[in-house]
Amino acid sequence: MIGFELETLVAILLGVARGATPLVFAAIGELITEKAGVLNLGVEGMMLVGAVAGFIAVVATGSTGFGFVAAMLAGAALSSLFALLVLFLHTNQVASGLALTIFGIGLSAFFGLDYVGTPIKGLSGLYIPGLTDIPVIGPLLFGHDIMVYLSFVLVAGCIWFLNKSRWGLILRAVGESHHAAHAIGYPVIAIRFAAILFGGAMCGLAGAYISLIYTPMWAENMTAGRGWIALALVVFATWKPGRALIGAYLFGGVTILQLNVQSMGLDVSAHLMNMLPYLATILVLVLISRDETKIRLNAPACLGKPFQANG
Amino acid sequence: MIRFEQRLAPSQVMIYGAPVLAVVLTLLAGGILFGALGYDPLQSMYLFFIKPISNTYGVSELLLKAVPLTLCAIGLAFGFRGNVWNIGAEGQLTMGAIAAGAIAVTWHDTTSSLILLIMILAGIMGGAAWAAIPAFLKTRFHANEILTSLMLTYVATLFLGYLVNGPLRDPEGFNFPESRMFGEAALLPLLVDASRLHVGALIALFIVIAAWLILSRTLIGFQVKVVGLTPMAAHYAGFSSKKVVWMGLLVGGALAGLAGMFEVAGPIGQLQPVISPGYGFTAIIVAFLGRLHPLGILCAALLIALSYLGGETVQMQLSLPLAVTGVFQGMLLFFLLACDVLINYRLVLGLKRKVA
């Protein structure tokens, strides 16, 4: 009896990591973009384009690795459109981000149409003989797919980059005061461009995680609002990568909890249970936003403001 | 070399020229897209933009689709003008449809025409109530209305799914997830025989004119504009930004809810798991394309409605995926935003550097 319950528990915890990982990638990508002072609301669109590009690449080449690379390139390519609009044409960032999402939804549905229902082999968890066989701890430490580990590396790398590296400091300076950064001689536009491209690549990766690993298939709009949840996570994290990781696992937990309540045969409508992640997002946003000064102190000062060198 | 030079004053010509230019560029890009896919560009553009409205039925369908787009976009414009980013019109539309639909289903055997009036009120209130949530969370807790209104859209869609699979499912419907068909009295009267165009189109037209007068001639319209353009000045003038948040969201929700009511009591005639093919989201494009101006929005809604019909036509004739509509709409918004740069900047050819 105990053994059975432990097995279920391990399966649930592995599921939590799978639910959280795409959110980690997308939230970290957006976090870096916002740290540079750019608000890109196109996360959902970039994730969908990444999801479909990764899926098509896997069907074509059979290699999951190629799929992830293609997804990153696709996400970055789409984000470069956004970058052109907001950095060079000084368009409203909110409107341009919404445009990116609408365009991404249409584009992914367009290219994905022939792939609806195509089966692919998902990537399974690691198996290291000896280590993964250890009960409970083995699979939890050594049994995830490679992307889960990479997401942790990404978060660690991000913390180091933002706090310890020279370029990270410059990126933050650009987000806090673009005029000061420009006056000292840093290339504000180039740095923001790079941050937007990085954000796009990470969102593409997040989308591909969903279409290649989380549910190995392609369906229209399959990210189901995770891009928006990732945006909320950045606020929840008060622009700190470590807290974004924690937030993503909380949300991964809510998603998996909802799936498990259903499989336990509780008589609650699946439709109502599926509302949980969205309601949780609203609740968390409210709890975090209550303290307005906290948000103001942590948000990059130039977030959403356009920059002109001679303006 | 091409570069931008700041204009001394915003160009009046480009304020109206930019949308036209954006449409032309979208047509060009669309032609190139069709060409790249191996279709004759001219023929496919004809199929997309002209064939659908080459007969009366097509025109009536165009007007029918323009109704929800116009209503949602006008509501959004009230918010956008005051920097209130309600992007949950799709959810508000759904809640309006649910509220109106629930009444039609409950009193399905009534013959009183009063029921239509009650449904209209329910639709308006359902949408407004749904929009009141982000308004409350924004004014009370500073929660970002973009994210909350969007999350509530997913909740609304799931709620509709729950209802048509559960409490409101047609008992004689062979377990299909849909409500019973509304009674005759609960359906909007048609304007044109042998079409699906209903009286909602007239109401929408009336709302366009009313919104135009409110936004251009009243203190409310002025306050919204000032809060949106210069929040500080508005603050000193004693205009409440909280009031603008509430008003922007409530008007947006009410009109989206009305649009939802029109859809279920008009062309659909029952509650289904899907009420709208994304009208609430597309209305964002309509609002921008129409310059947040009610009359502009009306024109933009007709154009975007055409893209829905065009998408259906090329799907049938060229077996292109319906998603081509979304691609067109996204491109249009991109081009519009890009062309807007010409309002404040002029394109300068040549090497002469601007003297700072």
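Look above for the structure.
Residues numbered from 1 in each chain as written. Chains lettered and ligands numbered in written order. Predicted model: local features only at pLDDT ≥ 70, side-chain atom pairs only at ≥ 80, totals over all residues. Heavy atoms only, no water.

Engineer: Would you mind going over the overall build of chain A in detail, with residue names and values included?
Structural biologist: Within chain A, the regular secondary structure consists of 14 helices and 0 strands. Reading chain A from its N terminus to its C terminus gives the helix and strand order α-α-α-α-α-α-α-α-α-α-α-α-α-α. In terms of C-alpha radius of gyration, chain A reaches 20 Å, essentially the compact-globule figure of 19 Å for 311 residues. Taking the principal axes of the C-alpha coordinates as reference, chain A spans close to 70 × 45 × 40 Å. Here chain A holds 311 residues, and the buried ones make up 53% of them. Approximately 12700 Å² of chain A is accessible, and the part contributed by carbon and sulfur atoms is 70%. Here chain A carries 14 positive and 13 negative side-chain charges, and the mean point of each set is 15 Å from the other. (Helix = DSSP H or I, 4+ residues; strand = E, 2+ residues; numbered from the N terminus. Rg over C-alpha atoms; globule rule 2.2 N^0.38 Å. Buried < 20%, exposed > 50% of the residue type's maximum accessible area, 1.4 Å probe, protein only. Areas by Shrake-Rupley, 256 points an atom, 1.4 Å probe, with all protein chains shown as cover. Lys, Arg positive; Asp, Glu negative; His and termini not counted. Charge placed at Lys NZ, Arg CZ, Asp CG, Glu CD.)

Engineer: Mind laying out the packing of helix α5 (residues 114-141) of chain B against helix α10 (residues 241-268) of chain B, listing which residues take part and the relevant values?
Structural biologist: All names here are of chain B. Where α5 meets α10, the closest approach of the two axes is 6 Å, and the angle between their N-to-C directions is 145°. In the packing of α5 onto α10, the handedness of the crossing is right-handed. A class-by-class count of the residues in the contact of α5 with α10 yields 18 nonpolar, 5 polar and 2 charged. (Axes fitted to C-alpha atoms, helices over the stretch in contact; angles between N-to-C directions. Left-handed = near helix turned anticlockwise from the far one by under 90°. Nonpolar A, V, L, I, M, F, W, Y, C, P; charged D, E, K, R; others polar.)

Engineer: Go over the environment of L42 of chain B with me, naming the residues and quoting the values.
Structural biologist: Inspection of the secondary structure assignment puts L42 of chain B in helix α2 (residues 41-49). Linking L42 of chain B and L219 of chain B, residues 177 residues apart in sequence, is a C-alpha distance of 48 Å.

Engineer: Account for the interface of chain A and chain B, with residues named and values stated.
Structural biologist: If you look at the interface, chain A gives 43 residues, while chain B gives 40 residues. Taking both partners together, chain A and chain B bury about 3700 Å²; carbon and sulfur atoms supply 86% of that area. For the interface between chain A and chain B, the tally reads 0 salt bridges. For the interface between chain A and chain B, the tally reads 2 residue pairs in polar contact (both at pLDDT 80 or more). Listing elements by their share of the side of chain A that touches chain B, those giving two or more residues are α3 (64-88), α4 (93-112), α10 (226-236), α12 (270-274) and α13 (276-289) of chain A. Among the elements that line the side of chain A that touches chain B, the one with the most residues is α4 of chain A, at 12 residues. Taken together, the residues that form the side of chain A that touches chain B break down as 28 nonpolar, 12 polar and 3 charged. (Contact = heavy atoms within 4.5 Å. Buried area = accessible area lost by both parts, 1.4 Å probe. Salt bridge = Lys/Arg side-chain N within 4 Å of Asp/Glu carboxyl O. Polar contact = N/O pair within 3.5 Å; in protein donor to acceptor, adjacent residues only side chain to side chain.)

Engineer: Describe the packing of aromatic side chains, with residues and values.
Structural biologist: What the rule picks out here adds up to 17 aromatic pairs over all chains. A centroid spacing of 6.4 Å and a plane angle of 85° characterise the contact between F55 of chain A and Y115 of chain A, whose relative ring orientation is edge-to-face. Of this pair, F55 of chain A sits in helix α2 (residues 43-61) while Y115 of chain A sits in the loop between α4 and α5 (137-142), and the two are 60 residues apart along the sequence. Classification of F55 of chain A by relative accessible area gives buried; the value is 0%. Taking the relative accessible area as the measure of exposure, Y115 of chain A reaches 22% and is therefore partly exposed. Centre to centre, the rings of F136 of chain B and F141 of chain B are 5.9 Å apart; their planes meet at 90°, and the pair counts as edge-to-face. Look at F141 of chain B and you get buried, because its relative accessible area is 17%. In this structure an aromatic cluster arises from ring pairing among F34, F48, F49 and F328 of chain B. (Phe/Tyr/Trp six-rings, centres within 6.5 Å; stacked < 30°, edge-to-face > 60°.)

Engineer: Report on the pattern of salt bridges, specifying residues and quantitative values.
Structural biologist: Residues and elements named next belong to chain B. Inspection of the entire model under this criterion finds 5 salt bridges over all chains. Across the pair E61 and K65 runs a salt bridge whose closest N-O atoms are separated by 3.9 Å. In this pair, E61 and K65 both sit in helix α3 (residues 56-81), 4 residues apart, roughly one turn of the helix. For the residue pair E61 and K65, the accessibility class agrees, reading buried in each case. Note that E312 is salt-bridged to K65, the shortest N-O span being 3.7 Å. With E312 in helix α12 (residues 294-318) and K65 in helix α3, this pair connects stretches of sequence that are 247 residues apart. Taking the relative accessible area as the measure of exposure, E312 reaches 31% and is therefore partly exposed. Note on K65: relative accessible area 8%, which makes it buried.

Scope: geometric values only; no functional claims are made or implied.
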